[in-house]
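# Structure assessment
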Amino acid sequence: MEFKLAHPGEGVLLTLMAYESKSQWGYTPEIMQIWEPELLVDGNYIKHNIVYKIIIDQELVGFYAIRFQNDKNCFEIDHLWLKATHINKGIGRAVFVRILGQLKELGQVRVLLNGEPHARGFYKKMHGRIIEERQTKIPGLLQPVYEFDVPAVLERTALSAT
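Below is a summary of the structure that appears in this document. What you are looking at is a predicted structure, and each value in this text was computed from that prediction instead of being measured.

## Things to note about the environment of Pro8
Of note, Pro8 is situated in the loop between strand 1 (2–5) and helix 1 (11–23). Linking Pro8 and Trp35, residues 27 residues apart in sequence, is a C-alpha distance of 22 Å. Among residues more than four places away in sequence, those in contact with Pro8 are Gly43, Ile46 and Lys47.

## What to know about the packing of aromatic side chains
Scanning the entire structure with this criterion turns up 11 aromatic pairs. Residues Phe122 and Tyr123 carry aromatic rings whose centres are separated by 5.1 Å and whose planes lie at 75° to one another, so their mutual orientation is edge-to-face. For Phe122, a relative accessible area of 25% corresponds to the partly exposed category. Taken together through their ring pairs, the aromatic side chains of Phe96, Phe122, Tyr123, Tyr146 and Phe148 make up a single cluster. Above the face of the Trp35 ring, Lys22 is positioned so that its terminal group lies 3.7 Å from the ring centre.

## Let's talk about the sheet that holds strand 3 (residues 59–69)
The strand order across the open sheet built from seven strands is 1-2-3-4-5-7-6, with neighbouring strands paired in mixed fashion. Of all the strands in the sheet, the pair left with one neighbour each is strand 1 and strand 6 (129–135). This sheet shows a mean twist of 25° between the axes of neighbouring strands, independent of strand direction. Of the pairings in the sheet, the one linking strand 2 (residues 50–56) to strand 3 comprises seven bridges and is antiparallel in character. Looking at strand 3, one finds that Ile50 is bridged to Ile66.

## Topic: the nonpolar core
Within the largest apolar cluster, 26 residues are counted, with the highest numbers of intra-cluster contacts made by Phe96 and Phe148. For this core, the secondary-structure elements that each account for two or more residues are strand 2, strand 3, strand 4 (74–82), helix 4 (91–105), strand 5 (110–114), strand 7 (142–149) and helix 6 (150–161). When residues of this core are assigned to their parent elements, the largest contribution, six residues, is made by helix 4. Discounting residues that sit within four places of it in the chain, Phe148 has contacts with Phe96, Val109, Arg110, Val111, Leu113, Tyr123, Met126, His127, Gly128 and Val153. In this structure, Met17, Trp35, Val41 and Val51 belong to the second largest nonpolar core, which totals 19 residues.

## Some points on the pairing of strand 4
When you tally the buried positions in strand 4, you get eight out of nine residues, the bulk of the element. Linkage of strand 3 to strand 4, two consecutive antiparallel strands, is achieved through a turn of four residues, within which Asn73 is found at a positive phi near 55°. Bridging between strand 4 and strand 5 involves three bridges; their strand directions are parallel. Following the sheet pairing, Phe75 is matched in strand 5 by Val111. Regarding topology, helix 4 serves as the crossover connection from strand 4 to the parallel strand 5, and that connection is right-handed.

## Here we look at the pattern of salt bridges
Using the criterion set out here, one finds 11 salt bridges in the structure. Among the ionic pairs, Glu59 bridges to Lys83, the shortest N-O distance being 2.7 Å. Of this pair, Glu59 sits in strand 3 while Lys83 sits in the loop between strand 4 and helix 4, and the two are 24 residues apart along the sequence. The partly exposed category is assigned to Glu59, whose relative accessible area is 34%. Residue Arg67 pairs with Glu76 through a salt bridge whose shortest N-O separation is 3.3 Å.

What counts, and where the lines are drawn
Residues numbered from 1 in each chain as written. Predicted model: local features only at pLDDT ≥ 70, side-chain atom pairs only at ≥ 80, totals over all residues. Heavy atoms only, no water. Helix = DSSP H or I, 4+ residues; strand = E, 2+ residues; numbered from the N terminus. Contact = heavy atoms within 4.5 Å. Phe/Tyr/Trp six-rings, centres within 6.5 Å; stacked < 30°, edge-to-face > 60°. Buried < 20%, exposed > 50% of the residue type's maximum accessible area, 1.4 Å probe, protein only. Lys NZ or Arg CZ within 6 Å of the ring centre and 35° of its normal. Pairing = 2+ DSSP bridges. Axes fitted to C-alpha atoms, helices over the stretch in contact; angles between N-to-C directions. Core = buried A, V, L, I, M, F, W, Y, C linked by side-chain atoms within 4.5 Å. Right-handed = clockwise from strand over helix to strand, strands pointing away. Salt bridge = Lys/Arg side-chain N within 4 Å of Asp/Glu carboxyl O.

Okay, structure coming up:
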């Protein structure tokens, strides 16, 4: 697995990947249309945030983005998307640990993430703590907001890997 910085001209490609990944949760086309603004990754976004493509065997299988939240004085994992064919294979965990390692290098001790409501199991395995649940644009669907203690999660995931 390798990671390559995204370039501003790749916004459409990454937006399509986010859309496809989100749709694998069984959302109807009407609901996916509601999600579109949150899935948009344009050149300006790529220029002003940390965005990496995830490559396996020369194939783009996902991407992630982290951005600094001034009002919360910490980073947020803003995007973390994998192709459906690459879920439940340990790739998400490896990518998540890489993200936390990057944040540790930046001196961060915590990170936030607005989680996909259907991915609660994954974020629980990654030792996320739900600090808030927000009503989404979809009536009755709550979006968990997670906080991760960067050093503690890195230590726990290292221990569980052995």
